[in-house]
Amino acid sequence: MLNHSGIFSTELPEKESNSTLRIAAIQMASGPSVSANLEEAFRLIELAVSQEAKLVVLPEYFCIMGLRDTDKLSVREQPGEGMVQSFLSETAKRFGIWLVGGSVPLESHISDKIYNSCLVYNNEGRQVARYDKIHLFGLELGEERFAEEKTIKAGDKVVAIDSPFGRIGLSICYDLRFPELYRLMGKVDIILAPSAFTAITGKAHWETLIRARAIENQAYVIAPAQGGFHVSGRETNGDSMIVDPWGVVIDRLARGSGVVVATLDRAYQSSVRASLPALEHRCLCLYPC
C-alpha cells in the first residue's frame, strides 16, 4: 500500500534571496560500463556548471544501461556505499551544486531485485533525499517487451523535500503516467522526472505527460532522459526538457548526450499561481480520507 502519511521532508535554512536560479537536465545514452558512464556524466555536469547551473539532474539509469535487464543487479550498491554514490556526493561537493542521480540500483531484501532509487545530494555532498520508484514499467507492444517488476522492488513512499530552489517532488519515468502521485506531494515548486522512455512511447506521450504535470501542479518540471541507441540494441526517446509552470517548454534536447539549461524564476511562478489559483480551487471532497 502506498505510504503518504509521512512524506519525506527536511527543513533547510532559509531559501536563497535570488528570485532566479539556473537549473539543468542532463541527457545521456548510457551503456553497460559504469565507469564510462560516470566519466560521461562528469563531463556533462561540468558543462552544466559552466552555464551556472546550481541544480543538476541526471537521467534514469545514468550509471548503467546493460546488455540485459539483470545487469543492474550485479552493480547494485548498499545505501550510503559504493562507486556511484561516492561519485554523486563528491561531484556535488566539488562543484558546489545540488546533484540528483536520476536512478541508482540499490540493494533490496529480495536477492534478485533492486530498488531503482533517485538520490539527491546537496552542495556539501550530503544525501538529503531518496525516492524508490513506485510505478514499475510494463509494456507489450509489437516487438517491445518490458517488465520492470522482474528485477525491481517497488517503493511505497511519496517523497518531497525543501531546498534552496523551493519544494521538490521526486519521481522516475513511468511515474509520469500517474498524476495522483504528484497530488500526494502537496504543493511542490519543482517536479523531477528522470527517465528512460522507450522511443515508441516517448514519441506518443512524453511531452504531453511532462507538460500536463507542469500545468496541473503549476510547477517547473525537470525531465532529463536517456536519448539514443544503446549497446543492447534498445532505443530511448531522449527529448530531455525543462517546462515552466504555465506548461511552456523552456529548453529541450532531441537526441544524443548533452545538457538542457533554463532559469527557474520564483517570482514568475508566484504570478502564475496568483493569476490562476487552481491549486487553491481543488475540491478536497473528491479525495478519500
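Above this note sits the structure.
Residues numbered from 1 in each chain as written. Predicted model: local features only at pLDDT ≥ 70, side-chain atom pairs only at ≥ 80, totals over all residues. Heavy atoms only, no water.

Student: Help me understand the pattern of salt bridges in this model?
Tutor: Taken as a whole and assessed by the stated rule, the structure comprises 15 salt bridges. With a shortest N-O distance of 3.0 Å, Lys133 and Glu148 are connected by a salt bridge. Of the two residues, Lys133 is situated in the loop between β6 (127-132) and β7 (138-141) and Glu148 in the loop between β8 (144-147) and β9 (157-163); the sequence distance between them amounts to 15 residues. For Lys133, a relative accessible area of 1% gives the class buried. Judged by relative accessible area, Glu148 falls into the buried class, the value being 10%. Put simply, Arg213 and Glu216 hold a salt bridge, and the shortest N to O gap is 2.5 Å. A residue pair is termed a helical-turn pair when its members lie 3 or 4 positions apart in one helix, as Arg213 and Glu216 do in helix α4 (residues 199-217) at 3 residues. Assessed through its relative accessible area of 25%, Glu216 is described here as partly exposed. (Salt bridge = Lys/Arg side-chain N within 4 Å of Asp/Glu carboxyl O. Helix = DSSP H or I, 4+ residues; strand = E, 2+ residues; numbered from the N terminus. Buried < 20%, exposed > 50% of the residue type's maximum accessible area, 1.4 Å probe, protein only.)

Student: Is there a simple way to explain the packing of helix α1 (residues 34-50) against helix α2 (residues 83-95) in this structure?
Tutor: For any two helices packed against each other, one specifies the inter-axial angle together with the distance between the axes. The contact between α1 and α2 brings their axes to 11 Å, and the two run at 20 degrees. By the angle class used here, α1 and α2 are roughly parallel. Here the hand of the crossing between α1 and α2 comes out right-handed. Along the contact surface, α1 presents Val34, Ser35, Leu38, Ala41, Phe42, Ile45, Glu46 and Val49, while α2 presents Met83, Val84, Phe87, Thr91, Arg94 and Phe95. (Axes fitted to C-alpha atoms, helices over the stretch in contact; angles between N-to-C directions. Parallel < 35°, antiparallel > 145°, perpendicular 65-115°, else oblique. Left-handed = near helix turned anticlockwise from the far one by under 90°. Contact = heavy atoms within 4.5 Å.)

Student: Is there a simple way to explain the packing of aromatic side chains in this structure?
Tutor: For any pair of aromatic rings, the description rests on two quantities: the centre-to-centre distance and the angle between the ring planes. Counted according to the given criterion, the structure contains 6 aromatic pairs. Residues Phe42 and Phe95 carry aromatic rings whose centres are separated by 5.5 Å and whose planes lie at 40 degrees to one another, so their mutual orientation is tilted. Taken as a pair, Phe42 in helix α1 and Phe95 in helix α2 lie far apart in primary sequence, 53 residues in all. In this structure Phe42 comes out as partly exposed when scored by relative accessible area, which is 21%. When the ring of Tyr174 is compared with that of Phe178, the centres are 5.3 Å apart and the planes differ by 80 degrees; the resulting orientation is edge-to-face. Given the relative accessible area of 18%, Tyr174 is considered buried. (Phe/Tyr/Trp six-rings, centres within 6.5 Å; stacked < 30°, edge-to-face > 60°.)

Student: Is there a simple way to think about the sheet that holds strand β3 (residues 55-57) in this case?
Tutor: Two pairing modes exist for strands in a sheet, parallel and antiparallel, and in both the strands are linked by backbone hydrogen bonds. An order of β6-β5-β4-β3-β2-β17 is seen for the 6 strands of this open sheet, with the pairing classed as mixed. Looking at which strands have only one partner, the edges of the open sheet turn out to be β6 and β17 (258-265). Between one strand axis and the next, the sheet turns through 25 degrees on average, direction left out of account. One ladder, built from 8 bridges, connects strand β2 (residues 20-27) with β17; its direction is antiparallel. Residue pairing for β17: Gln27 is matched across the bridge by Gly258. Sheet strands touched by α2: β4 (98-107), β5 (114-121) and β6. Its angle to β4, the strand with the most contacts, is close to 170 degrees. (Pairing = 2+ DSSP bridges.)

Student: Quick question: what am I supposed to make of the pairing of strand β15 (residues 240-243) here?
Tutor: A regular strand places its side chains so that they alternate between the two faces of the sheet. The side-chain alternation of β15 yields two buried faces, one formed by Ser240 and Ile242 and the other by Met241 and Val243. Summarising the sheet, strand β12 (residues 220-223) and β15 pair through 3 bridges and their orientation is antiparallel. Along β15, the bridge assignment pairs Ile222 with Ile242. Here β15 runs beside strand β16 (residues 249-253); their pairing, made up of 4 bridges, is antiparallel.

Student: Even after reading the chapter, I still don't get the pairing of β7, so can you show me in this structure?
Tutor: Strand direction decides the pairing type here: β7 and β8, joined by 4 bridges, are antiparallel. Looking across to β8, one finds that Glu140 is bridged to Arg145. Between β7 and the antiparallel strand that follows it, β8, lie 2 residues; Gly142 among them carries a positive phi value of about 60 degrees.

Student: Help me understand unusual backbone geometry in this model?
Tutor: The bulk of non-glycine residues show a negative phi, and the bulk of peptide bonds are trans. A positive phi is found at Cys173, a non-glycine position, where the angle reads about 45 degrees. Positionally, Cys173 belongs in the loop between β10 (166-170) and α3 (179-183). Of note, the phi angle at Gln218 is positive, near 45 degrees, even though the residue is not glycine. By secondary structure assignment, the location of Gln218 is in the loop between α4 and β12.

Student: What should I look at first to understand the side chain of Asp175 in this one?
Tutor: One can find Asp175 in the loop between β10 and α3. Although buried, Asp175 forms no salt bridge, and the nearest oppositely charged side chain, Lys133, lies 6.6 Å from it. Polar contacts involving the side chain of Asp175 include one to the side chain of His135, which spans 2.6 Å. Not counting residues within four places of it along the chain, the set of residues in contact with Asp175 comprises Tyr131, Lys133, Ile134, His135, Leu181 and Tyr182. (Lys, Arg positive; Asp, Glu negative; His and termini not counted. Polar contact = N/O pair within 3.5 Å; in protein donor to acceptor, adjacent residues only side chain to side chain.)

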